[in-house]
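Structural description and commentary
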Amino acid sequence: FKKFALRERTAQAALMLGLGRDFRRELAELHDWNEEPPMVVCGDLNAEPQDLPIRYLLEGVEETDSEWRIDSSGDEAPAGQGATLSAAPALECATGVPSWTNRVDKFEGTLDWVLVERGRLVPMRHAPPVADSVGFLPSEEFPSDHIAVCCDVQYTP
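To keep things clear, this report deals only with the structure shown in the data block. (Residues numbered from 1 in each chain as written. Predicted model: local features only at pLDDT ≥ 70, side-chain atom pairs only at ≥ 80, totals over all residues. Heavy atoms only, no water.)

**Digging into the state of the cysteines**
Our working rule: Two cysteine sulfurs form a disulfide in these notes if their separation is within 2.5 Å. The buried label goes to any residue with under 20% of its type's maximum accessible area, the exposed label to any with over 50%, and the partly exposed label to all in between, with areas taken from a 1.4 Å probe on protein chains only.
As enumerated under the stated definition, the model contains zero disulfides in all. The thiol of Cys 42 is not disulfide-bonded; the next cysteine sulfur, from Cys 151, is found 8.4 Å away. Accessibility expressed as a relative area gives 52% for Cys 42, which makes it exposed. The structure places no disulfide on Cys 151, whose sulfur is separated from the nearest cysteine sulfur, that of Cys 150, by 7.2 Å.

**Here's the deal with the layout of surface pockets**
Stated formally: Put simply, the grid is 1 Å and covers the protein atoms alone, a cavity is a trapped set of points that fit a 1.4 Å probe, a pocket is an open set with protein on both sides within 12 Å along at least five of seven lines, and lining residues have an atom within 4 Å of a point. Grid points are joined across faces, edges and corners, and a volume is the space filled by probe spheres set on the points. Under the scheme applied here, ten amino acids are nonpolar (Ala, Val, Leu, Ile, Met, Phe, Trp, Tyr, Cys and Pro), four are charged (Asp, Glu, Lys and Arg), and all others, including Gly, are polar.
Estimates place the volume of the largest pocket at around 170 Å³. Looking at the lining of the largest pocket, its residues break down into 11 nonpolar, four polar and no charged.

**Section: the packing of helix 1 (residues 6-31) against helix 2 (residues 52-59)**
Condition: All axes here are fitted lines through C-alpha atoms, helices being fitted over the stretch that makes contact, and every angle between N-to-C directions spans 0 to 180 degrees. Here a helix means four or more residues in a row that DSSP labels H or I, a strand means two or more in a row labelled E, and each is numbered from the N terminus. An angle counts as roughly parallel when it lies under 35 degrees, as roughly antiparallel when it exceeds 145, as roughly perpendicular when it falls between 65 and 115, and as oblique in every other case. Crossing handedness is read from the near helix: turned anticlockwise from the far helix by less than a right angle, it gives a left-handed crossing, and turned clockwise, a right-handed one. Only heavy atoms enter the contact rule, under which two residues are in contact if any of them lie within 4.5 Å.
At a closest axis distance of 8 Å, the pairing of helix 1 and helix 2 adopts a crossing angle of 30°. By the criterion of interaxial angle, the relationship of helix 1 to helix 2 is roughly parallel. Judged by the twist between their axes, the crossing of helix 1 over helix 2 is right-handed. From helix 1, Leu 6, Arg 9, Thr 10, Ala 13, Ala 14 and Leu 17 reach across to helix 2, where they touch Leu 52, Pro 53, Tyr 56 and Leu 57. Looking at the contact of helix 1 with helix 2 residue by residue, the classes come out as eight nonpolar, one polar and one charged.

**Side note on the packing of aromatic side chains**
Put simply, the rule is: When two rings of Phe, Tyr or Trp (its six-membered ring) have centres within 6.5 Å they constitute a pair, described as stacked for plane angles under 30 degrees, edge-to-face for angles over 60, and tilted for the intermediate range. A ring is considered to have a charge above it if a Lys NZ or an Arg CZ atom is located within 6 Å of its centre and within 35 degrees of its normal.
All told, the structure shown has zero aromatic pairs when counted by the stated rule. The ring of Trp 100 has Arg 103 lying over it, and the distance from NZ or CZ to the ring centre is 4.1 Å.

Structure follows, in structure tokens:
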């Protein structure tokens, strides 16, 4: 895990969305559906709420040039050439943003996400956050270094 690899993770998020858009288009064509299925992005995205990849996924469009210019040492890297990434469709977090989903010896933060296509999937309810009294992970009670995030959503055609 490289904390300052935000450029790479943002590019990965853009690639992931592009592949997801291709897959759902192909699925709709294969089954002769009138519309594409809604987008769901979930998992350990190795990015916290304030990080560029999550802002890109939730805000839809991200002007990245200034942030892409900072490398892992904090020094200025080659310019991103004024890059603008467009994240369509617009996504929203279906679970709320817990204070943490990963807690290990030298890190505590939210890295795990369930993002759904805004307007097509409506978040109905989600699992409550884990108590802050839980120690480091993994533990006997929580055998992973990540807490599961889960939710129910309703499809809105």
